[in-house]
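# Structural characterization, general
Residue-level listing of the chains:
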Amino acid sequence: MSLSGGPLRVLPLGGLGEIGKNMTVVEYEDRIVLVDVGLRFPTAEMMGIDLVLPDFAYLRGRVSDIEAIVVTHGHEDHLGCLPFLLRELGVDDAPPVYGGPLTMAMARSKLDEHKLARDVHVEDVKDGEIIECGPFDVELIHMTHSIPDASAVALKSELGTILVTGDYKFDQTPVDGRPADVSRLAELGREGLLLLCGDSTNGDRPGFAPSEKVAGPNLRDVFSRCKGRIVVTSFASNIHRVQQVVDAAAALDRKIVLVGRSMRKNTNIGRTLGHIELPEGIVIGPREMSDYPDHRLVVISTGSQGEPLSALRRMAHRDHPQVELHSGDTVVFSATPIPGNERAVNETIDRLYHIGCDVITTKDAPIHASGHGYQEEIKLMLNLTRPRYLMPVHGDHKRIRLHAEMAEALGIAAEDIFRGDNGLPLEIDSDGARFGERQRSGMFFVDGIELGDPTESAMRDRRALSADGIMFVVATVSADEGNTVADHEIVLRGVPIAAEEGAFLAEVREAIEDSLDRAADDDVHAVELIEKILHDDLAEFVYKRLRRRPMILPVVVEV
Ligand SMILES: [Zn+2]
Ligand SMILES: [Zn+2]
């Protein structure tokens, strides 16, 4: 479907009324620039779902209209669905992807994992450089956030300039010494900004966000009181936080062990691009840990959000091949749970206490600083850029409303403030701005069932079940070896199988065996983790084989 030329259209496909999956279509004369292509992590009630993507229906069949994909920073809620989107739209005519060097290194690594790197042009953009994208001149403006290389995006067209802030705070003392480019923001304001799409995340917090730099001395203070081994968990992408953990460890003569794939990967990328400095010899491999007494070690681990297969979660389940926790260890959470993850984090913390560890969270010491500006910073952004129109983004409806109220208090007329919604395009022409016709938006579940509007989920669940069915798998394994001791039970209900059922079931059995082997090779023994691996592998297998996404419910029984 192609809408006729006409107004400048700004259509959020995600990120409004929710936390996550930020994606905005900016369109003029049928030419599109996508700003951010994020995903969302599932909440507990989305059982068996791995990832939540925005619904791309609006873009289907329009890949040749997309001039570029511009990514503000490397967080999953802005970059994570890039490979899925490109796979869905087709890579033959894939648009180029632009962003800061770290963001693009992360994009390349994602595309590489999905074997798409060869097909897509990914280009680093320097601040101040102008990229021509059809009717838009696009420019990145340096901002501070909880990952290096975060940018706002200015899109200039003949109707005026749109600024999408991306995630930001105005950190006056950033760890890398590069504050936000306030003068360029002010310049955009003086030139006359048509529309601001601004981050609303901390619209409910008065004052200014503390600088990232405050975490460092507090971490050192906490570390100095620990007698045994320290395990710190934070977002792997928060490279400046990892730097501060490293600095605190170095000051106390402790060695560093990096655990978890994304922690090692991001630290490597960050080191290559000069965002992190590791003193010579401070990093040791997990196997060398036994060469040092506990009080000489700091483990930096993934899992601050209680993610099911993360290193920390596995340690908490006594199921990590390299790190076995014991009493005397202190686990430091240098992150707060994203809304929706609290339960998984609390469960992880409780298991750590059960093992006998001490646990320090942000409630005990100021060892975390939010990457999003508080109210005074949101006001500062408004005052610097003085937009004609405002659309608050990146927040639930409450924070979007608070952002709107702040703007009104600063003198922006209520009718120029647009409290939007996913799927609701803001249309601007020479006569003014207004919401246009609602477009399809919603969620797309990876490994699960395609859904539209979550409020209709029960009905759509049933529809999906009736289309693709359900597959139960009961795998019986030996508790010691993890290998199969009995035939797996497979029950299919309503799964349309083109092939002969017996042959298909034999293939499923093989897939189960492969999956269990893989779990055993990776030294995974906790039942719920094996179930997760089985779920993922079987979902992939069934989709490849049948092009169907039945609900898959694996149960692992240990005997
Ligand atoms: Zn974000
Ligand atoms: Zn972010």
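Here the structure is a predicted model, which is why all the values come from computation and not from measurement. (Residues numbered from 1 in each chain as written. Chains lettered and ligands numbered in written order. Predicted model: local features only at pLDDT ≥ 70, side-chain atom pairs only at ≥ 80, totals over all residues. Heavy atoms only, no water.)

### Observations regarding the coordination of the zinc ion (ligand 1)
Looking at the zinc ion (ligand 1), one finds its protein donor set to be Asp77 (OD), His78 (NE2), Asp167 (OD) and His394 (NE2), positioned 2.1 to 2.2 Å from the metal centre. Around the zinc ion (ligand 1), the four donor atoms are arranged such that angles at the metal cover 89 to 159°; this shape is classified as irregular. All donors to the zinc ion (ligand 1) come from one chain, and their sequence spacing reads D-H-x88-D-x226-H. A gap of 3.4 Å separates the zinc ion (ligand 1) and the zinc ion (ligand 2), which Asp167 links by coordinating each metal. Here the two residues Asp77 and His78 agree in accessibility, since each one is buried. (Donors = N, O, S within 2.8 Å, 3.2 Å for Na, K, Ca; no water. Tetrahedral: all angles 85-135°; square planar, octahedral: opposite > 155°, others 65-115°. Buried < 20%, exposed > 50% of the residue type's maximum accessible area, 1.4 Å probe, protein only.)

### Considering the domain arrangement of the protein chain
By the assigned domains, the protein chain splits into domain 1 (8-207 + 370-445), domain 2 (212-360) and domain 3 (459-558). The gap between the C-alpha centroids of domain 2 and domain 3 is 33 Å. Each partner contributes residues to the interface: domain 2 has eight residues there, and domain 3 has nine residues. A combined buried area of about 720 Å² lies between domain 2 and domain 3, and 60% of that area is made up of carbon and sulfur atoms. Sorting the residues of domain 2 by area buried against domain 3 places Leu309, Arg314 and Asp319 first, and these three jointly supply 58% of that buried surface. Taken together, domain 2 and domain 3 are joined by one salt bridge. (Domains from an automatic or database assignment. Contact = heavy atoms within 4.5 Å. Buried area = accessible area lost by both parts, 1.4 Å probe. Salt bridge = Lys/Arg side-chain N within 4 Å of Asp/Glu carboxyl O.)

### Quick look at the nonpolar core
For soluble globular proteins, nonpolar side chains are generally found buried alongside one another. Counting residues in each nonpolar core, the largest one holds 63 residues, and the members touching the most others are Leu34, Leu59, Leu85 and Phe223. When residues are assigned to domains, this core turns out to be shared by domain 1 (8-207 + 370-445) and domain 2 (212-360), each giving three or more. Judged by nonpolar contacts, the second largest core, of 31 residues, contains Phe136, Leu140, Ile400 and Phe418. (Core = buried A, V, L, I, M, F, W, Y, C linked by side-chain atoms within 4.5 Å.)

### Side note on the sheet that holds strand 19 (residues 426-429)
Here we have eight strands laid out as an open sheet, ordered 7-6-5-3-2-1-19-20, and mixed in their pairing. Two strands lie at the open edges of the sheet, namely strand 7 (122-124) and strand 20 (432-435), each paired on one side alone. The average undirected angle you get between the axes of adjacent strands in this sheet is 20°. Two strands pair when backbone bridges link them, and strand 3 (residues 31-35) and strand 5 (residues 66-70) are joined in this way by four bridges, in the parallel orientation. Residue pairing for strand 5: Val33 is matched across the bridge by Ala68. Along the sheet, helix 2 (residues 82-89) contacts strand 2 (23-28), strand 3, strand 5 and strand 6 (97-99); its crossing angle with strand 5, the most-contacted strand, is approximately 165°. (Pairing = 2+ DSSP bridges. Helix = DSSP H or I, 4+ residues; strand = E, 2+ residues; numbered from the N terminus. Axes fitted to C-alpha atoms, helices over the stretch in contact; angles between N-to-C directions.)

### Observations regarding the coordination of the zinc ion (ligand 2)
For the zinc ion (ligand 2), every protein donor is listed as His73 (NE2), His75 (ND1), His145 (NE2) and Asp167 (OD), and the spread of their distances is 2.1 to 2.3 Å. Taken together, the four donor atoms surrounding the zinc ion (ligand 2) define angles of 91 to 165° at the centre, an arrangement classified as irregular.

### A word on unusual backbone geometry
One non-glycine residue, Lys21, lies in positive phi territory at about 40°. Position of Lys21 relative to the elements: it lies in the loop between strand 1 (8-14) and strand 2. Assessed through its relative accessible area of 2%, Lys21 is described here as buried. Phi angles above zero are rare outside glycine, and Asp30 is one such case at about 70°.

### Quick look at a nonpolar patch on the surface
A grouping of Val555, Val557 and Val559 is seen on the molecular surface, where their side chains present a nonpolar patch of about 230 Å² in accessible area. Looking at where Val557 falls in the secondary structure, it is placed in strand 24 (residues 551-558). With relative accessibility at 33%, the residue Val557 sits in the partly exposed group. (Patch = residues over 30% accessible without salt bridge, like charges linked within 9 Å, V, L, I, M, F, W, Y side chains within 5 Å. Areas by Shrake-Rupley, 256 points an atom, 1.4 Å probe, with all protein chains shown as cover.)

### Some points on the side chain of Ser370
Of note, Ser370 is situated in the loop between strand 17 (358-360) and helix 10 (375-385). Within the structure, Ser370 has its side chain in polar contact with the side chain of Asn202 (distance 2.9 Å). Each residue touching Ser370, except ones within four places of it in the same chain, is listed here: Lys169, Asn202 and Arg205. (Polar contact = N/O pair within 3.5 Å; in protein donor to acceptor, adjacent residues only side chain to side chain.)

### Describing the sheet that holds strand 15 (residues 297-301)
The strand order 14-15-13-16-17 describes an open sheet built from five strands, whose pairing is parallel. Of all strands in the sheet, those with a lone pairing partner are strand 14 (255-259) and strand 17, marking the two edges. Across the sheet, the axes of successive neighbouring strands diverge by a mean angle of 20°, strand direction being ignored. Pairing between strand 13 (residues 230-233) and strand 15: four bridges, direction parallel. Across the sheet, the residue bridging to Thr233 is Ser301, located in strand 15. The strands touched by helix 6 (residues 239-251) are strand 13, strand 14 and strand 15; relative to strand 15, the strand with the most contacts, the crossing angle is about 170°. Seen against the sheet, helix 7 (residues 261-272) touches strand 14 and strand 15 and runs at an angle of roughly 115° to strand 14.

### Quick look at the environment of Leu140
In this structure, Leu140 sits in strand 9 (residues 136-143). Measuring from C-alpha to C-alpha, the distance between Leu140 and Gly281 comes to 37 Å, with 141 residues separating the pair along the chain. In this structure Leu140 touches Val70, Gly99, Gly100, Val125, Asp127, Gly128, Glu129, Ser151, Ala152 and Val153, once residues within four positions along its chain are discounted.

### What to know about the packing of aromatic side chains
As enumerated under the stated definition, the model contains four aromatic pairs in all. Taken together, a centroid distance of 6.1 Å and an interplanar angle of 65° make the contact between Tyr389 and Phe418 edge-to-face. Residue Tyr389 is found in strand 18 (residues 389-393), and its partner Phe418 is found in the loop between helix 11 (397-409) and strand 19; the two are separated by 29 residues along the sequence. Here Tyr389 and Phe418 have matching classes, each one buried. Relative to Phe435, the ring of Phe418 lies with its centre 5.4 Å away and its plane at 90°, an arrangement referred to as edge-to-face. Of this pair, Phe418 sits in the loop between helix 11 and strand 19 while Phe435 is found in strand 20, placing the two residues 17 residues apart along the sequence. (Phe/Tyr/Trp six-rings, centres within 6.5 Å; stacked < 30°, edge-to-face > 60°.)

### Notes on helix 13 (residues 501-521)
Taking 1.5 Å per residue, 21 residues should reach 30 Å; helix 13 reaches 30 Å between its end C-alpha atoms and fits that length. Where helix 13 is concerned, the buried positions are Phe504, Leu505, Val508, Ala511, Ile512, Ser515, Leu516 and Ala519. The buried residues of helix 13 all sit within an arc of 135° when viewed along its axis, so they share a single face. Among the exposed residues of helix 13, those pointing more than 90 degrees away from its buried face are Glu510, Asp514 and Asp521. Elements in contact with the buried residues of helix 13: strand 22 (470-477), strand 23 (489-493) and helix 14 (527-546). Asp523 lies just past helix 13 and shows a positive phi near 60°. (Expected span 1.5 Å × (residues − 1). Arc of directions from axis to C-beta.)

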